[in-house]
Amino acid sequence: MRTLRRGAGLVAMMVTALLLALLPATAAQAAGTGEQNWCAAQGIASPEASRAIDAACAEWRARTLYTWGGGHAPAGPGQSYGTWDLSDFEETALDPQTRGFDCSGFARWAWYKAVGYDILGRSTAKDMFRAAGRAYKQVNGAGGGKPAVSDLEPGDVVFTAVDGTVDHITHMMLYLGDGYVVEAYQSQKPIRVIDINSRISNNRLVGAARMPQGSPFTEPTGYDGTLQVTWGTGVAVRQHPDHLAGLVTRLSGPDIVYAKCQQRGERITAEGYTNDTWTYLSNRGGWISNIFLRGPAWLPDVPACSGSDYDSQIGSGGGGNPTQGGAYSTWGTGVALRSQPSTVNGTTVARLTGPTSVSVSCQVHAQSVTSEGYTNDAWSYLPQYGGWITNIYMKGDAWLAGVPACDGRGTATPVGAHAYSTWGTGVTIRSSAATGAGVVTRLSGPTGVAVSCQKHAESVTAEGYTNDAWSYLPEYQGWVSNIYMKGDAWLAGVPNCVNPHAV
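**Some remarks on helix α5 (residues 103-115)**
Moving on, step 1. With 13 residues, α5 extends 19 Å between its outermost C-alpha atoms, agreeing within 8% with the 18 Å of an ideal straight helix rising 1.5 Å per residue.
Moving on, step 2. For α5, the tally of buried residues reaches 10 of 13 residues, placing the bulk of the element in the interior.
Moving on, step 3. Within α5, the full set of buried residues consists of C103, S104, G105, F106, A107, R108, W109, A110, W111 and A114.
Moving on, step 4. Just past α5, the residue G116 takes up positive phi, approximately 85 degrees.

Set out below in structure tokens:
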């Protein structure tokens with residue numbers, strides 16, 4: 001009898017296991033609202049959305065870690081070493097030594113794999129949401145408001161904020177369908193699948209974006225200028241570059257526009273930004289503040305207004321015509337300005353016969369140039385000439401202090417960073433503050449760099465110096481020995497990575 005009971009119990013266990021195995025997978029998955037042990041598209045998904053989800057789930061299976069800034073290396077989409085969030089240093093302390101993704105880098109990688117190009121771009125979650133309208137579109141709910149979960153489709157990118165507002169977006173996730181998302185969510189934690197309702201409760205949902213699936217979006221045609229994208233809602237287009245000028249129209253949301261030219265106008269402050277640049281939209285018949293155009297404060301690919309296109313009705317506090325000179329100066333004679341920041345690919349658009357006062361809208365790291373005994377890879381965009389100049393011929397530092405980077409955000413350097421310069425040739429930037437760490441890149445010569453913080457680590461002897469201080473270069477996402485930084489052994493004014501409040 002005892003044997004019979006054992007046999008009956010074994011049969012019962014086998015029957016139960018068989019019945020469980022025959023249950024629909026979605027029924028088993030839907031039962032849990034916490035972290036899930038599966039990752040796949042739920043429901044019908046387009047081929048593009050399926051590929052995005054497949055790429056995301058491959059990282060989930062690999063237990064790829066979250067690292068702040070991961071997925072945004074200069075080389076393009078893909079896993080990369082992170083950096084510190086100086087507002088939360090304790091949590092992100094190990095991120096510079098960790099390869100992986102942050103939330104936006106993760107979604108960027110998934111959709112890059114899906115469509116074969118960098119559709120989301122190298123930007124923050126907030127900027128990605130604001131960019132909806134050109135390459136991809138926002139998902140709206142009933143009446144054009146925020147979407148409900150029922151409005152979402154597999155592959156949609158979901159954005160959240162503590163208070164549910166666009167200005168405070170801090171997170172984004174990839175929607176799998178059936179109420180689940182896959183996300184990179186916290187430093188040193190692996191990518192996870194979780195119930196979306198646990199992530200959008202307390203009115204945290206801001207909105208969602210849907211990538212192209214099957215056909216491109218329609219762009220306006222037949223107008224003068226270059227295509228640009230606006231952001232924000234209820235944005236005014238006015239008769240002159242002045243906020244008191246007559247209203248031409250209002251843009252209800254992000255839109256595709258033709259930018260004919262730009263000029264200095266009334267200086268205004270909105271959405272946390274201050275700018276005196278305005279752009280004439282040929283397909284809207286009026287002027288818009290560049291605050292509401294995606295990109296830097298002065299758009300590099302939009303010409304300055306001149307002749308009959310220049311509007312002198314700029315209101316009080318106007319900045320004047322940028323062709324009248326600027327706050328910076330060049331040096332040298334016969335200096336070439338080029339259509340691109342390159343002596344190889346850029347054609348000559350003008351030559352400066354001698355030292356000249358110029359306006360500089362932004363600068364970028366591009367082709368390294370050696371001239372006049374200097375080597376530098378920084379180039380500045382001069383809007384009044386519509387061209388680029390190597391910073392070798394700009395009076396000032398190798399990387400001009402106070403000039404924003406041409407990074408689409410209009411920020412001079414990453415938050416907490418300062419403008420400094422390296423020296424020497426073949427200087428190695430490493431993934432961590434040690435000579436045995438992986439090589440991120442090598443600087444061919446003296447280079448203008450941003451430094452976010454420094455710390456004491458491995459002691460290095462080189463070039464006749466010994467120093468244990470290392471600086472973190474956020475633009476390269478790597479470390480350099482302070483031996484190769486111009487300045488003191490411990491850089492003045494740069495915070496300590498271990499204690500950001502100490503200098």
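Still more to cover.
**So, the packing of aromatic side chains**
Moving on, step 1. Going through the model one piece at a time under the given rule, you end up with 13 aromatic pairs.
Moving on, step 2. With centroids separated by 5.4 Å and ring planes inclined at 40 degrees, the aromatic side chains of W331 and Y393 adopt a geometry described as tilted. Here the residue W331 occupies a position in the loop between β16 (328-329) and β17 (335-338), and Y393 occupies one in the loop between β22 (387-390) and β23 (418-421), the gap between them amounting to 62 residues.
Moving on, step 3. On the accessibility criterion, W331 (27% relative accessible area) is partly exposed.

**As for helix α3 (residues 47-61)**
Moving on, step 1. Here α3 spans 21 Å end to end across 15 residues, near enough to the 21 Å set by a 1.5 Å rise per residue.
Moving on, step 2. Restricting attention to buried positions, one finds in α3 the residues E48, A49, A52, I53, A55, A56, C57, E59 and W60.
Moving on, step 3. Buried residues along α3 sit against β3 (99-101), α5, β6 (169-177), β7 (180-183) and β8 (192-195).
Moving on, step 4. R63 occupies a position one or two residues after α3 and carries a positive phi of about 55 degrees.

**Examining the sheet that holds β3**
Moving on, step 1. Strands sit in the order β1-β3-β2 across an open sheet of three strands; the sheet is mixed. Bordering the open sheet on either side are β1 (65-66) and β2 (80-81), each of which pairs with just one other strand.
Moving on, step 2. Here β2 runs beside β3; their pairing, made up of two bridges, is antiparallel. Across the sheet, residue Y81 finds its bridge partner in β3, namely R99.

**Re the sheet that holds strand β4 (residues 137-139)**
Moving on, step 1. One open sheet accounts for six strands, arranged β4-β9-β5-β6-β7-β8; its pairing is antiparallel. Where the open sheet ends on each side, the last strands, each with one partner, are β4 and β8. Shown here is a sheet whose adjacent strand axes are inclined to one another by a mean of 40 degrees, direction ignored.
Moving on, step 2. Across four bridges, strand β5 (residues 157-161) lies against strand β9 (residues 205-210) in antiparallel orientation. When the sheet's bridge partners are listed, T160 is paired in β9 with L205.
Moving on, step 3. Against the sheet, α3 touches β6, β7 and β8, its axis set at about 105 degrees to β6.
Moving on, step 4. In this fold α5 packs onto β5, β6 and β7, with an angle of close to 40 degrees to the strand it touches most, β6.

**What about the state of the cysteines?**
Moving on, step 1. Taken as a whole and judged by the stated rule, the model has two disulfides.
Moving on, step 2. Residue pairing for C39: its cysteine sulfur links by disulfide to C57, the two sulfurs lying 2.0 Å apart. An S-S torsion of about -75 degrees defines the bridge between C39 and C57 as left-handed. Placement of C39 in the loop between α2 (25-30) and α3 and of C57 in helix α3 is noted, with a sequence separation of 18 residues between them.
Moving on, step 3. Between C261 and C305 runs a disulfide, and the two sulfur atoms are separated by 2.0 Å. Its torsion about the S-S bond being 90 degrees, the disulfide of C261 and C305 is classed as right-handed.

**Some words on the pattern of salt bridges**
Moving on, step 1. Here the structure, examined in full by the defined rule, presents eight salt bridges.
Moving on, step 2. Here D156 and R210 are joined by a salt bridge, their closest N and O atoms 2.7 Å apart. Remark: R210 occurs in strand β9 and D156 occurs in the loop between β4 and β5; sequence separation between them is 54 residues. There is no split in this pair, since D156 and R210 are both buried.

**Details of the pairing of strand β24 (residues 427-430)**
Moving on, step 1. The side-chain alternation of β24 yields two buried faces, one formed by V427 and I429 and the other by T428 and R430.
Moving on, step 2. Across four bridges, β24 lies against strand β25 (residues 439-443) in antiparallel orientation. By the bridge assignment for β25, I429 is matched with T441.

**A short note on the environment of K486**
Moving on, step 1. Looking at the secondary structure, you find K486 in the segment after β29 (478-481).
Moving on, step 2. Discounting residues that sit within four places of it in the chain, K486 has contacts with S421, T422, W423 and L491.

**Quick look at the confidence of the model for the chain**
Moving on, step 1. For the chain, the average pLDDT comes to 79, and 82% of its residues sit at 70 or higher.
Moving on, step 2. Scored below 50 in pLDDT, residues 407-418 shows 34 contacts in the model against residues more than four places distant or in partner chains.
Moving on, step 3. Low confidence marks residues 499-503, where pLDDT is under 50. Its contacts with residues over four positions away, or in another chain, come to seven contacts.

**Description of the pairing of strand β27 (residues 453-462)**
Both faces of the sheet carry side chains from a regular strand, because those side chains alternate between them.
Moving on, step 1. In the sheet, β27 pairs with strand β28 (residues 465-473) via seven bridges, with the strands oriented antiparallel. Across the sheet, the residue bridging to A462 is Y465, located in β28.
Moving on, step 2. Linking β27 to β28, which pair antiparallel, is a turn of two residues; within it E463 sits at a positive phi near 55 degrees.

**Considering the nonpolar core**
Moving on, step 1. Within the largest apolar cluster, 40 residues are counted, with the highest numbers of intra-cluster contacts made by W111, Y136, F159, L176 and V182.
Moving on, step 2. Secondary structure elements with two or more residues in this core: α3, α5, α6 (125-130), β5, β6, β7 and β9.
Moving on, step 3. The element that contributes the greatest number of residues to this core is α5, accounting for seven residues.
Moving on, step 4. Counting 24 residues, the second largest nonpolar core, distinct from the first, contains F89, A462, W479 and M485.

**Re unusual backbone geometry**
Moving on, step 1. For R63, which is not glycine, the phi torsion reads 55 degrees and is therefore positive.
Moving on, step 2. With respect to the secondary-structure elements, R63 resides in the loop between α3 and β1.
Moving on, step 3. Overall, the relative accessible area of 58% leaves R63 in the exposed class.
Moving on, step 4. Although it is not a glycine, E372 adopts a positive phi angle of roughly 55 degrees.
Moving on, step 5. Note that E372 resides in the loop between β20 (362-371) and β21 (374-382).

What counts, and where the lines are drawn
Residues numbered from 1 in each chain as written. Predicted model: local features only at pLDDT ≥ 70, side-chain atom pairs only at ≥ 80, totals over all residues. Heavy atoms only, no water. Helix = DSSP H or I, 4+ residues; strand = E, 2+ residues; numbered from the N terminus. Expected span 1.5 Å × (residues − 1). Buried < 20%, exposed > 50% of the residue type's maximum accessible area, 1.4 Å probe, protein only. Phe/Tyr/Trp six-rings, centres within 6.5 Å; stacked < 30°, edge-to-face > 60°. Contact = heavy atoms within 4.5 Å. Pairing = 2+ DSSP bridges. Axes fitted to C-alpha atoms, helices over the stretch in contact; angles between N-to-C directions. Disulfide = S-S within 2.5 Å. Salt bridge = Lys/Arg side-chain N within 4 Å of Asp/Glu carboxyl O. pLDDT = per-residue confidence, 0-100. Core = buried A, V, L, I, M, F, W, Y, C linked by side-chain atoms within 4.5 Å.

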